[in-house]
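The primary structure of each chain is shown beneath.
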Amino acid sequence: MELLPRSPGEFGSAPYWDRFFRQRGQRPFEWYGAFPELCPVLLKYVRPRDKVLVVGCGNSELSEQMYDTGMCEDIVNIDISDTVIRQMQERSASRRPKMSYLQMDMLQMDFPDAHFQVALDKGTLDAILTDDEEITLSKVDRMFAEISRVLQVGGRYLCVSLAQAHVLKKAVEYFSQAGWVVRVHEVATSRDKQQFVLPIFVYVMTKFRKIPGSAPQILEICSEEQDKPLRLESTERLVEAVKDRQHYALVCSQLSKGPCGEQLSLDLCDKASGRPRYTLHVVDSPAVKPSRDNRFAIFIIPQGRETEWLFGSEEGRRQLAASAGFGRLVTAALHREQHYEGMASIQAELSGKVMELAPPGLPARQQVPFLSVGGDIGVRTVRYSDTSPLSGEFVVEDVKGDDACYFRRLVFLSNRNVVQSEARLLTPAPPPAQKKRKKDKKKPGLAEPPVAIDKSYLCCEHHKAMVAGLCLLGSSNPLPAPIAVLVVGLGGGSLPLFIHDYFSQAHVAVVEIDPSMLEVATRWFGFSQGDRMQVHVADGLDHIAKLAAEAPAQYDTIMFDVDSKDLTVGMSCPPPAFVEKPFLEKVKTILKPKGVFVLNLVCRDARLKESVLAILREVFPLLYVRRIDGEVNEILFCQPCPESRRDPVELTVLAQALEGSMQQLGRTWDSSYVLADMLQAITIL
């Protein structure tokens, strides 16, 4: 039996719908959403004395159920199909005397102006707005104009829809620009009985007289679990909010079918602000033999530790799930902009929501364990936050790591899962400050006492590898010779500061494009300039080009530790312009013949990485690589002189000699950092 149209255009055809309802007969056809699910929303906007118009009624039971439950009786149903109108008249004539059915085209209705308080549309707009062709959009405009005409001021147009982006955007823009208040409700549905994977929405457009001038648009979204609507600033933001809810429904649908081969992620947002509160990752471990008690668990990642490999990478989370011994593990990362009372409050907040992510067959009242490290939610204190024209929003925060150590971090919020700079604190950070009252506009951390930075400790593994590259200079002299070092990219200043403090004859020049970072490094990370440390606030590309033209062969070591702000490129460090051949030739020009160029490369695009390596080989005859376990970072050591080549044994000897000379000078760093260990895994490309 052919019930679906041959083309979307037939949805607006009276002959198609006549044929459809003749073939279907008296069986009700519900586009989506049964009356019990829609009822809570309808009750908010339909009053018993309202005169209601139902457009494109079909043979849905919605009007009959509204009538029979006493919600409203003065209901006029119209449809383009004469066949279905006759069917519905026969079905309701004697039982529902106050309700009528009329064959009518909603694009050209016969009703007088301002005749109804409510217009109800269940799927009709979705059926018409199937594409963005001009003829379709013109038809929709006529539909909206007619609905607007027949509604009184203060009347409501209720549109039940799956909220495809183009449908929602069209409706919201049309009515909000006409001065109407627009509110979108997500309908609470039972997922196991739901006909569609996507959730159902009701657009509620309330008619107001348009105010002359530029009155602000009122756009809101709410769900049954919210106490009050969330107001949004634009149509685009409203469409995005609906997409987020649709994505959540798709994730839940996929998870309800069984184990997933890939890790699914989603954000749960704060009801009041709409900002992310929890980021969840769902990890299935098919190898775990299921039992009653190990099918499902929630793991709360302590605050500030979400960037660690175990929690912040797919492979790390996979290992975490396997070691925890659960068939499905949901990890929950806590966001820095949010406040959390403790593990008990988080458990109460998440318990109902995460059950929607449970594996199939899990009993509804099954006790689900909440896990964490050490049983607490960790400590994160934002010390300072600001916005830079060059780096965007950033924060300086103190977090509690393993063994009760505290660390200070610089994080760019454009890439919030990456720690830009990190330093260990010598003294524990003070407890989090009490929540400030709204009238207190002072930025966090401005009046707080400084905390001493442990300058003997390099937190970042890639910084340890970069410093170890100094051994390639080949000086086995027990007292290291003077060296000139150029570092491009300051961040918190940990890398140049370590070289300055532990290589007593090193003269370090730093190039940093963002003056805000120099202020942050100085104020929050213990960085300072002096006779052997100088910062140039400049674009690294321009600075090196200028040096190449003026003073070639002046640096023993050049280090690039600079991030890219363009997140669309598969290389986050360095920016692509820093690894173009003409620029690398300039880098080679200012490097001494037996010097070493050290590059922190973070590239997830395999083809792009091969291209970068090929260019580096063209410029530098000798190329080493040190890969960082558990990270994307690769440290490349590039030398212009092929005769400088050394095998790992020679490098180990050089590293041991250098560390010995440091000890003689009384300059010993943290014992966990061994130069020779860093060089054992180095390979020649």
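The coordinates are above.
The text that follows walks through the structure, step by step, so that each part is easy to find. (Residues numbered from 1 in each chain as written. Predicted model: local features only at pLDDT ≥ 70, side-chain atom pairs only at ≥ 80, totals over all residues. Heavy atoms only, no water.)

### Here we look at the overall build of the protein
Item 1. When helices and strands are counted, the protein shows 19 helices and 27 strands.
Item 2. In the protein, buried positions account for 52% of the 685 residues.
Item 3. Summarising the internal contacts of the protein: among those between residues at least 6 apart in sequence, 71% fall at separations of at least 24.
Item 4. Accessible surface computed for the protein: about 31600 Å², of which carbon and sulfur atoms make up 52%. (Helix = DSSP H or I, 4+ residues; strand = E, 2+ residues; numbered from the N terminus. Buried < 20%, exposed > 50% of the residue type's maximum accessible area, 1.4 Å probe, protein only. Contact = heavy atoms within 4.5 Å. Areas by Shrake-Rupley, 256 points an atom, 1.4 Å probe, with all protein chains shown as cover.)

### Structural notes on the sheet that holds strand S15 (residues 380-388)
Item 1. Spatial strand order, S15-S16-S17-S18: 4 strands in an open sheet with antiparallel pairing. In the strand order of this sheet, the two ends are held by S15 and strand S18 (421-424), each with one partner. Strand after strand, the sheet turns through a mean of 15° between neighbouring axes, direction not considered.
Item 2. The sheet contact formed by S15 and strand S16 (residues 392-400) spans 8 bridges and is antiparallel. Each residue of the ladder has a partner; that of Ser388, found in S16, is Gly392.
Item 3. Along the sheet, helix H14 (residues 515-524) makes contact with S15, S16 and strand S17 (406-412), crossing S15 at roughly 155°. (Pairing = 2+ DSSP bridges. Axes fitted to C-alpha atoms, helices over the stretch in contact; angles between N-to-C directions.)

### Notes on empty space enclosed by the protein
Empty space among the atoms can be located by rolling a probe the size of a water molecule over them.
Item 1. Here the structure, examined in full by the defined rule, presents 1 cavity of 30 Å³ or more.
Item 2. One number sums up the size of the largest cavity: a volume of about 110 Å³.
Item 3. Forming the walls of the largest cavity are 15 residues, and the residues nearest its centre are Ala423, Ile453, Lys455, Ser494 and Leu497.
Item 4. When residues of the lining of the largest cavity are traced back to their parent elements, those giving at least two are S18 and helix H13 (494-502).
Item 5. A class-by-class count of the residues in the lining of the largest cavity yields 8 nonpolar, 3 polar and 4 charged. (1 Å grid on protein atoms, 1.4 Å probe; cavity = no way out; pocket = protein on both sides within 12 Å on 5 of 7 lines; lining within 4 Å. Points joined across faces, edges and corners; volume = space filled by probe spheres on them. Nonpolar A, V, L, I, M, F, W, Y, C, P; charged D, E, K, R; others polar.)

### Considerations on the sheet that holds strand S8 (residues 219-223)
Item 1. If you walk across this open sheet you meet the 9 strands as S3-S2-S1-S4-S5-S7-S6-S8-S9, and the pairing is mixed. In this open sheet, the two edge strands, each paired with only one partner strand, are strand S3 (100-103) and strand S9 (230-232). For this sheet the average axis-to-axis angle between neighbouring strands, irrespective of direction, equals 20°.
Item 2. Judged from the 6 bridges that link them, strand S6 (residues 181-186) and strand S7 (residues 201-206) form a sheet pairing that is antiparallel. Looking at the pairing, His185 lines up with Val202 of S7.

### Thoughts on the packing of aromatic side chains
Item 1. Tallying each qualifying case throughout the model produces 18 aromatic pairs.
Item 2. Ring centres 5.8 Å apart and planes at 25° place the aromatic pair Tyr384 and Trp524 in the stacked group. Of this pair, Tyr384 sits in strand S15 while Trp524 is found in helix H14, placing the two residues 140 residues apart along the sequence. One exposure class covers both Tyr384 and Trp524, and it is buried. (Phe/Tyr/Trp six-rings, centres within 6.5 Å; stacked < 30°, edge-to-face > 60°.)

### Thoughts on unusual backbone geometry
Item 1. That bond from Cys573 to Pro574 is cis: its omega, -5°, falls within 30 degrees of zero.
Item 2. One can find Pro574 in the loop between strand S23 (571-573) and helix H16 (581-590).
Item 3. Backbone geometry places Ala114, a non-glycine residue, at a positive phi of 55°.
Item 4. Residue position: Ala114 is located in the loop between S3 and strand S4 (116-122).
Item 5. Phi at Ala163 is positive, roughly 60°, even though this residue is not glycine.
Item 6. By relative accessible area, which is 1% here, Ala163 ends up buried.

### Quick notes on the pairing of S7
Item 1. Counting buried positions along S7 gives 6 out of 6 residues, so the element sits mostly inside the fold.
Item 2. Of the two faces of S7, the one carrying Phe201, Tyr203 and Met205 and the one carrying Val202, Val204 and Thr206 are both buried.
Item 3. Of the pairings in the sheet, the one linking strand S5 (residues 151-161) to S7 comprises 6 bridges and is antiparallel in character. Within the sheet, the bridge partner assigned to Tyr157 lies in S7 and is Met205.

### Focus on helix H10 (residues 314-324)
Item 1. Residues of H10 that are buried: Gly316, Arg317, Leu320 and Ala321. Projected down its long axis, H10 shows its buried positions confined to an angular sector of 135°, all on one face.
Item 2. For H10, the elements touching its buried residues are strand S11 (276-284), strand S12 (296-301), helix H9 (309-312) and strand S13 (328-334).
Item 3. Positioned one or two residues after H10, Gly325 has a phi angle of 80°, which is positive. (Arc of directions from axis to C-beta.)

### With respect to the packing of helix H15 (residues 540-550) against H16
Item 1. One way to put it is that H15 packs onto H16 with a least axis distance of 9 Å and a crossing angle of 50°. Comparing the axis directions of H15 and H16 gives the class oblique. Judged by the twist between their axes, the crossing of H15 over H16 is left-handed. Between H15, through Gly540, Leu541, Ile544, Ala545, Leu547 and Ala548, and H16, the contact on the second element is made entirely by Phe583, Lys586, Val587, Thr589 and Ile590.
Item 2. Residues that form the contact of H15 with H16 fall into these classes: 8 nonpolar, 2 polar and 1 charged. (Parallel < 35°, antiparallel > 145°, perpendicular 65-115°, else oblique. Left-handed = near helix turned anticlockwise from the far one by under 90°.)

### Things to note about the pairing of strand S10 (residues 264-269)
Successive residues of a regular strand alternate their side chains across the two faces of the sheet.
Item 1. Across the two faces of S10 the burial differs, with Leu264, Leu266 and Leu268 buried and Ser265, Asp267 and Cys269 not buried at all.
Item 2. Bridging between S10 and S11 involves 6 bridges; their strand directions are antiparallel. The residue of S11 that forms the bridge with Cys269 is Pro276.
Item 3. The hairpin turn running from S10 into S11, its antiparallel successor, is 6 residues long, and Gly274 in that turn takes a positive phi close to 80°.

### A closer look at the state of the cysteines
Between two cysteines, a covalent bond joining their sulfur atoms is known as a disulfide.
Item 1. Summed over the entire model, instances satisfying the criterion amount to 0 disulfides.
Item 2. Here Cys405 stays free of any disulfide, with the sulfur of Cys459 as its closest cysteine sulfur at 9.5 Å.
Item 3. With a relative accessible area of 27%, Cys405 lands in the partly exposed category. (Disulfide = S-S within 2.5 Å.)

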